[in-house]
Structure formats: structure tokens, C-alpha cells
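Next come the chains, spelled out residue by residue.
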Amino acid sequence: MKKIFLVFLMAVTVSGLSSGCASLKRGEGVPAPLIAQAQIPGMPGIRYRAANMNDMSVEALDMINRQRAIRKEQGLSEELPPAHLLAVSGGGDDGAFGAGLLIGWTKKGDRPEFDIVTGVSTGALIAPFAFLGPKYDDQLRSVYTKISTKDILKMRGLMAAVNNDAMADNKPLWGLVGRYMNAKMLEDIAAEYKKGRLLLVGTTDLDARQGVIWNMTKIAASRDPKALNLFRKIMVASAAIPGAFPPMMIDVEANGRKYQEMHVDGGATAQVFVYPPGINVRELQKTAGTTGRKRFLYIIRNSRIDADWAQVERRTLKVMGRAVSSLIQAQGRGDLYSIYVLTQRDGIDYNLAYIPKDFNAPHPDEFDRAYMNTLFDRGYAMAEKGYDWQKNPPGLQE
């Protein structure tokens, strides 16, 4: 994403030199005391913040009850089988690695059905396909092997840094999301929610400086006429790099009044997530009576995790771009450690995949089709022969 970072930094530089321009109009932001109360009209309880972790705990228990109910209908024991969780990170066009890995895993023949799938940024775009399983593999393959830059964004002029909300127009991305994430997909996701499975996507509420976790399965199951548009909006929001792509404005209500939230890339608060630390899985297991249930977590990090060397030109934007990309890479590594701590606390088997350090295909432009196909093929080949999942975060020895 280096070139997008440079675009973003150019926007920051230009906007810093112009102080008298009027900003674009937007609805009133949610006042700080009301943030925890803000809800989507007609669809309460479809998202979670740090302040309402109890709601997420209740959803987790309901999920287990739905799983047991399905097993009872099928004449099976109420004792639940092992749970499998998948977390897919951000990474822009490097999402081709995760897409290839998942489809190669299908070919290998031992890809599980995931009870919970989470996604951020490009990982959010992958997540619905991963959640719905192999029957959506062909569509996932198309998204990451048949697109190019023109399918994601259209650059605006340099003055967009002054008179607009982003350096690029994301209408092409809207079209891509709309083409694949349609009413049929929503119906399929809603059906899985009834079985006790969850699809979660992360965005960042920029006003509140908080990460927001959206229960996409619950949105799909709501049958609300606005559900499909909201679903697509969240997907686009999760991938909206601040300054490069326009933020998503989401209408909410709090204390009887209408407000508007500004949501951007979930990676601004977390590159990858499973569940917040405030959710204590061991305690939930005791409450649900599932203390003996095994749990396996698979993390797909759509990035290299080694420090790639490059001689940096002695120019302002080059220095800033390198620093910002280094910060994001460090944040991503930190997320892997934070998740590892959670899995150790909660007794979950930790498995990590990432782009290998020997992958050095030419990457002339963002969303370059040749690059994405090469990376997709690498992920596919690694999974098809049996991926060697790492049991620890990078640098931590067993």
C-alpha cells in the first residue's frame, strides 16, 4: 500500500498549507456522553464497542444455544464439536494471499467450517466469502485475481486534499462490493446466523476514536429493508484508508435524536481482531457448560511480517511514507501478540499464516493484477500441500 500512503501524505501536506477552505457538510456527530447509546434505527444490537461488551457476551451465549438447538433438531448430542475461528487482517492488494490460502485449503480437503469469522479492511472483503465456505470460492478467486486499480478507485486531482474528503473516489469499489455482496449472499449469511455462526467486521468510528465491531450475520438476519445497503456500506467503510478513500457517513440515533458517525478503515484501530479482551471466553464456557470444548483460531495476516529493507530517498514524502508504513507494520505485529495473549488466557489453539519473506514478486502499482495473481498462486500452493501454521507470534519461541 506504499503508493496509497504517499497519496495520503500528500493530502496531509497540501491541506496543511491551506487553512481557509470550507469543509464538506456532514450531520452532527454523536456527543461523547451518548456514544454508547447510539444505534442504527430499526436495527438495535448489531454492533459492539468497548462500553457494551456485555451485549457481545450475550450474543456469544445465544450463539451456543442456537448451535445446540440445531443439533437437537438433527437428533445429535448437545455436546458441541470443536469450534474453529478465523481472523483475516488488512493489507490492501495483499489480500490475494489470504484468498489463495483459503481456496488452496479447500483443495487440500481439510478446511473447517468456521464458527466465527472476523475481518478488517481487505480482510473484511474476504470474510463473507470465507464465512460462506467453498461454494463461494469461485467468487473470492475472481475478486482477487480479475481486478485492477480501476476496479477499486479513481484518483481525484491534487486539490481534493483541500476541497474534498479523500484523494480518490471509491465508486469503483462500491460497484465491486455491490456486484458480489448481493441479496442472495445476505440470505445465505442470515441462514448461517440461525445455525449459531457469526460474521464480524471491524471499522473505526473516527469521531469517537473507537473501533466498532459489526455483527454482519445479525444485520443479514434482521430482514430490514436497509440491511443490504448497510452491509455494503460497512464493507466499504472497513477498507476506507483515511485521506485516500472517502469515509462512510452512517446515520444513527441516540437519546431520541438523529446523529451521523464517520467510519473509516478498521485498521486504524486494529489490523486484525478476534474478540475484545473484555470478553472472557473461559467464563463464558463455564456459564454455557462447554468447558471441555476445544477451540482453534486461524489468523491470516495479509502481509509480510519481516522487516523489508529499502534505501529511503532523502525527500519529505518518501521519509513520511516509510515511517507511516513502518508504524502500520509494527501495529500489525502488535495485534498478533495481543491475540496470542488472549488465546493463552482462554485456552484457544493459536495458528498464524503470513506472506513468506522470500516472496518478492514485482509490485509496480497498487492492485496490479499480475502481482495479485502471483501472490494468490503462492498462497494457494502453500495451503494445497498443507500449510505449516505458526503456533506463536513472530519472534516468540516455543
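It should be emphasised that the depicted structure is a prediction, and the values quoted were computed from it without experimental measurement.

S.K.: So, the side chain of Asp137: which residues are in play, and what are the values?
M.R.: By the element assignment, Asp137 lies in helix H5 (residues 137-145). Exposure remark for Asp137: the relative accessible area of 6% places this residue in the buried category. Engagement of the side chain of Asp137 in a polar contact is seen with the side chain of Arg111, the distance being 3.1 Å. Discounting chain neighbours no more than four positions away, the residues touching Asp137 are Ile103, Thr106 and Arg111.

S.K.: Tell me about the environment of Lys108, and please be specific about residues and values.
M.R.: When you line up the elements, Lys108 lands in helix H3 (residues 95-108). For the pair formed by Lys108 and Tyr387, sequence separation is 279 residues and the distance between their alpha carbons is 9.4 Å. Here Lys108 is in contact with Ala383, Glu384, Lys385 and Gly386, once residues within four sequence places are set aside.

S.K.: Break down the environment of Arg322 for me, citing the residues and quoting the values.
M.R.: Secondary-structure assignment places Arg322 in helix H12 (residues 316-346). Taking relative accessible area as the criterion, Arg322 reaches 23% and is therefore assigned partly exposed. Once the C-alpha coordinates of Arg322 and Ala310 are considered, the two residues, 12 residues apart in sequence, prove to be 9.1 Å apart.

S.K.: Describe the pattern of salt bridges, naming the residues involved and giving the relevant values.
M.R.: According to the stated counting rule, one finds 21 salt bridges in the structure shown. Its salt-bridge partner being Glu59, residue Arg66 comes within 3.1 Å of it at the nearest N-O pair. Accessibility assignment for this pair places Arg66 and Glu59 in one class, buried. Here Asp188 ties to Lys184 by a salt bridge, and the two come within 2.9 Å at their closest N and O atoms. Taken together, the positions of Asp188 and Lys184, both in helix H8 (residues 183-194) and four residues apart, correspond to about one turn of that helix. The buried category is assigned to Asp188, whose relative accessible area is 12%. Residue classification places Lys184 among the partly exposed positions, given a relative accessible area of 48%. A cluster of three or more residues bridged by salt bridges with shared partners is formed by Arg47, Arg49, Asp205 and Glu261.

S.K.: Report on empty space enclosed by the protein, specifying residues and quantitative values.
M.R.: Empty space among the atoms becomes visible once a probe the size of a water molecule is rolled across them. Scanning the entire structure with this criterion turns up three cavities of 30 Å³ or more. Lining the largest cavity are 24 residues, and of these Ala60, Met63, Ile116, Val281 and Leu284 sit closest to its centre. For the lining of the largest cavity, the leading source of residues is helix H2 (residues 53-73), giving seven residues. Class assignment for the residues of the lining of the largest cavity results in 17 nonpolar, three polar and four charged. Size it by volume and the second largest cavity reaches roughly 50 Å³. Forming the boundary of the second largest cavity are Leu125, Phe129, Val143, Leu176, Val177, Tyr180 and Met181. Top element by residues in the lining of the second largest cavity is helix H7 (residues 171-180). It accounts for three residues. Broken down by class, the residue content of the lining of the second largest cavity amounts to seven nonpolar, no polar and no charged.

S.K.: Can you tell me about the nonpolar core, naming the residues and giving the values?
M.R.: In terms of nonpolar packing, the biggest core is built from 82 residues, with Leu86, Leu102, Tyr144, Trp214, Met216, Ile219 and Met235 touching the most fellow members. Apart from residues no more than four positions distant in its own chain, Leu102 is found in contact with Leu86, Arg111, Phe114, Ile126, Ala130, Leu140 and Ile300. Residues Ala83, Ile213, Val281 and Tyr340 belong to the second largest nonpolar core, which totals 30 residues.

S.K.: Explain the pairing of strand E2 (residues 83-88) to me, using residue names and the numbers behind them.
M.R.: Where burial is concerned, most of E2 is hidden: six out of the six residues are buried. Both faces of E2 are covered, namely the face carrying Ala83, Leu85 and Ala87 and the face carrying His84, Leu86 and Val88. Bridge count for E2 against strand E10 (residues 295-304) is six bridges, and the pairing is parallel. Residue pairing for E10: Leu86 is matched across the bridge by Tyr298. Bridging between E2 and strand E3 (residues 116-120) involves four bridges; their strand directions are parallel. Note on E3: the bridge partner recorded for Ala87 is Thr118. The parallel pair E2 and E3, bridged by H3, forms a crossover whose chirality is right-handed.

Rules of the game
Per chain, residues are indexed from 1 in the order of the written sequence. Only residues with pLDDT of at least 70 get local features here, since the model is predicted, and only at 80 or more are side-chain atom pairs given and counted; chain-wide, interface and lining totals rely on the full set of residues. Side-chain measures were taken over the full set of non-hydrogen atoms in the model, leaving aside hydrogen atoms and water. The helix count covers DSSP runs of H or I at least four residues long, the strand count covers runs of E at least two residues long, and both are numbered beginning at the N terminus. Relative accessibility decides the category of a residue: with a 1.4 Å probe and only protein chains considered, values under 20% of the type maximum give buried, values over 50% give exposed, and everything between is partly exposed. Between N or O atoms, a polar contact is any pair within 3.5 Å; within protein, one atom must be a potential hydrogen donor and the other a potential acceptor, and residues adjacent in sequence are included only when both atoms are from side chains. Contacts were defined at the residue level, with two residues in contact if any of their heavy atoms lie within 4.5 Å. A carboxyl oxygen of Asp or Glu within 4 Å of a side-chain nitrogen of Lys or Arg is what we treat as a salt bridge. For each structure, a 1 Å grid was placed over the protein atoms alone; sets of points admitting a 1.4 Å probe that cannot get out are labelled cavities, open sets with protein on both sides within 12 Å along at least five of seven lines are labelled pockets, and lining residues have an atom within 4 Å of a point. Grid points are joined across faces, edges and corners, and a volume is the space filled by probe spheres set on the points. Put simply, Ala, Val, Leu, Ile, Met, Phe, Trp, Tyr, Cys and Pro go in the nonpolar bin, Asp, Glu, Lys and Arg in the charged bin, and everything else, Gly too, in the polar bin. Definition used in this section: a nonpolar core is a set of buried Ala, Val, Leu, Ile, Met, Phe, Trp, Tyr and Cys residues joined via side-chain atoms within 4.5 Å. By this definition, two strands are paired if DSSP reports at least two bridges between them. Look down the strands so they point away from you; if going from the first strand over the helix to the second traces a clockwise path, that crossover is right-handed.

Interpretation note: all reported values are geometric properties and have no functional meaning in isolation.
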